[in-house]
Amino acid sequence: MPCRSEKERVVEAVIAVVALFFVLFVALSVYATVKAVGAAKRGVDRTITQAKRTVEDTTLRARSLAQPGPVGQLADLRLKLRTSMRATEEALQAGVGEDESLKESLALFAQLSKHGRELDDELKRLEPEPDRSKLTQRLPALRERTERIVKSADSLRWAAHDRARRFAEDDLDTLSAQIDVEAGALRHWTTEPAAVWPEAPKPEATASTGQTWQETPGSRGAESRSGEPRSADSRGGEPRGGEEPPKPAITPPSARPTYPWQKKARPESTT
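Remember, it's a predicted structure, so these values are computed and weren't measured experimentally. Counting of residues starts from 1 at the beginning of each chain's written sequence and follows it residue by residue. For a predicted model such as this one, the threshold for reporting local features is a pLDDT of at least 70, and the threshold for listing and counting side-chain atom pairs is 80 or more; totals across whole chains, interfaces and linings nevertheless cover every residue. To obtain the side-chain values, all non-hydrogen atoms of the structure were used and water was disregarded.

This next bit is on the overall build of the chain. Helix and strand definitions here come from DSSP, where helices need a minimum of 4 consecutive H or I residues and strands a minimum of 2 consecutive E residues; each element is numbered from the N-terminal end. Counting its secondary structure elements, the chain contains 5 helices and 0 strands. Going from the N terminus to the C terminus, the chain shows its helices and strands as α-α-α-α-α. The classification of residues rests on relative accessible area computed with a 1.4 Å probe and restricted to protein chains. Under 20% of the type maximum is buried, over 50% is exposed, and intermediate values are partly exposed. The 271 residues of the chain split such that 17% are buried. Here the accessible surface of atoms and residues is derived via Shrake-Rupley with a 1.4 Å probe, and residues count as covered only by protein chains that are part of the display. Working note: accessible area of the chain is about 22900 Å², and carbon and sulfur atoms make up 59% of it.

So, about the confidence of the model for the chain. Low-pLDDT stretches of the model should not have their predicted coordinates read in fine detail. Model confidence for the chain is summarised by a mean pLDDT of 77, while 69% of its residues fall at 70 or above. pLDDT expresses how confident the predictor is about each individual residue, on a scale running from 0 to 100. In what follows, a contact means two residues having at least one pair of non-hydrogen atoms within 4.5 Å. A low-confidence stretch, residues 206–210 stays under pLDDT 50, and its non-local contacts, those more than four residues away or across chains, total 0 contacts. Predicted confidence is poor over residues 226–239, with pLDDT under 50, and the contacts of this stretch with residues over four places away or in other chains come to 13 contacts.

Let us now look at the packing of helix 2 (residues 70–95) against helix 4 (residues 132–186). Axes here mean lines fitted to C-alpha atoms, for a helix over just the part in contact, with angles spanning 0 to 180 degrees between N-to-C directions. For the pair helix 2 and helix 4, interaxial distance at closest approach is 9 Å and the crossing angle is 15°. Here helix 2 is positioned roughly parallel relative to helix 4, judged by the angle of their axes. Judged by the sense of rotation from one axis to the other, the crossing of helix 2 with helix 4 is left-handed. Looking at the contact of helix 2 with helix 4, its residues break down into 17 nonpolar, 6 polar and 5 charged. Oblique is the label for any angle not covered by the other classes, which are roughly parallel (under 35 degrees), roughly antiparallel (over 145) and roughly perpendicular (65 to 115). Here is the rule for handedness: rotate from the far helix to the near one, and if that takes an anticlockwise turn smaller than a right angle the crossing is left-handed, while a clockwise turn gives right-handed. Any residue that is not Ala, Val, Leu, Ile, Met, Phe, Trp, Tyr, Cys, Pro, Asp, Glu, Lys or Arg is counted as polar, Gly included; the first ten are nonpolar and the last four charged.

Summarising the element assignment, R157 is placed in helix 4. Sequence separation between R157 and E89 is 68 residues, and the spatial gap between their C-alpha atoms is 8.1 Å. Not counting residues within four places of it along the chain, the set of residues in contact with R157 comprises S84, A87, T88 and A91. The definition of a polar contact used here is a pair of N or O atoms within 3.5 Å, where within protein one atom must be able to donate a hydrogen and the other to accept one, and adjacent residues in sequence count solely through side-chain atom pairs. Reaching out from R157, the side chain makes a polar contact with the side chain of T88 at a distance of 2.8 Å. Within the structure, R157 has its side chain in polar contact with the side chain of D154 (distance 2.7 Å).

For the purposes of this section, nonpolar cores are sets of buried Ala, Val, Leu, Ile, Met, Phe, Trp, Tyr and Cys residues that join through side-chain atoms within 4.5 Å. Membership of the largest hydrophobic core comes to 20 residues, with the highest contact counts inside it found for L74, M85 and L142. Among the elements of the structure, helix 2, helix 3 (102–126) and helix 4 are those that each provide at least two residues to this core. Per-element tally for this core: the top contributor is helix 4, with 8 residues. Discounting chain neighbours no more than four positions away, the residues touching M85 are F109, L112, S113, I149 and A153.

Any carboxyl oxygen of Asp or Glu within 4 Å of a side-chain nitrogen of Lys or Arg constitutes a salt bridge here. If you walk through the whole model with that rule in mind, you get 15 salt bridges. Here R78 makes a salt bridge to D120, at a shortest N to O gap of 3.0 Å. Linking R78 in helix 2 with D120 in helix 3, this pair joins segments that are 42 residues apart in sequence. Given a relative accessible area of 2%, R78 falls into the buried group. Across the pair R166 and E169 runs a salt bridge whose closest N-O atoms are separated by 3.9 Å. Residue R166 and its partner E169 are both found in helix 4; the two are separated by 3 residues, about one turn of the helix. Salt bridges sharing partners connect three or more residues here, namely E56, R63, R78, R82, D120 and E127.

Multiplying 1.5 Å by the helix residue count minus one yields the expected span of that helix. For helix 4, which comprises 55 residues, the first-to-last C-alpha distance of 77 Å matches the rise-based estimate of 81 Å (1.5 Å per residue) to within 8%. Taking the largest bend as the criterion, helix 4 deviates by roughly 40°, centred on L139, and proline P140 comes between one and four positions later. On its buried side, helix 4 packs onto helix 2 and helix 3. Fitting axes to the seven residues ending at a residue and to the seven starting there, one defines the bend at that residue as the angle between these axes.

This is the structure we're talking about:
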């Protein structure tokens, strides 16, 4: 009995693990299905929106060309407004992934889009207006509002384009400098001309009035042995003013005095 109960416990644990894995698999399948359906729905909605936008833009373009007068002018204003707002939105959304500073520009554009949508709705409501004279009176104010919104949108769009172009140029300059350094390192076998060191300046000639070292007896003996003439100071000439004559190294012998009790020196015999 104990062995049988242990086996039952093992079987129950295995069944529980299998059931847990099955539940996780079903949950993941449901989550993936929901995500796929959501993505497909968003793609379909995006496609439908783009198709509607394309059809409406084509209709406005045809109306601005085919219907002269206030109706055609309203269609032209709507087309210009929608084209500028759409291009600015696409430019900012494309650049915000690489440049975080464009988030503030997107926030400003969101506020501008509210005014743009209000104006577009107002222009759309005025298209079927039967009173053409009233419509003609309101056209200057509507055109001014459209131009202001379009100018602001174009300013944001071109600023984003210029910023992206500037960053691209800076990156290209840095990359070019790095490539030049790497190319120079790869051509390590090229030898550059050796640097020429400047020559040492030649010693200036000593002036005759410059400092002269005092001659020693040893130098006088070496000079006499070599047969070179001595200077005026070494020949016993008069010393220069304020200078003492050099003292001899050995005192010469002096004549000894003779006394009466001393015998005279005999001459040496020749025999």
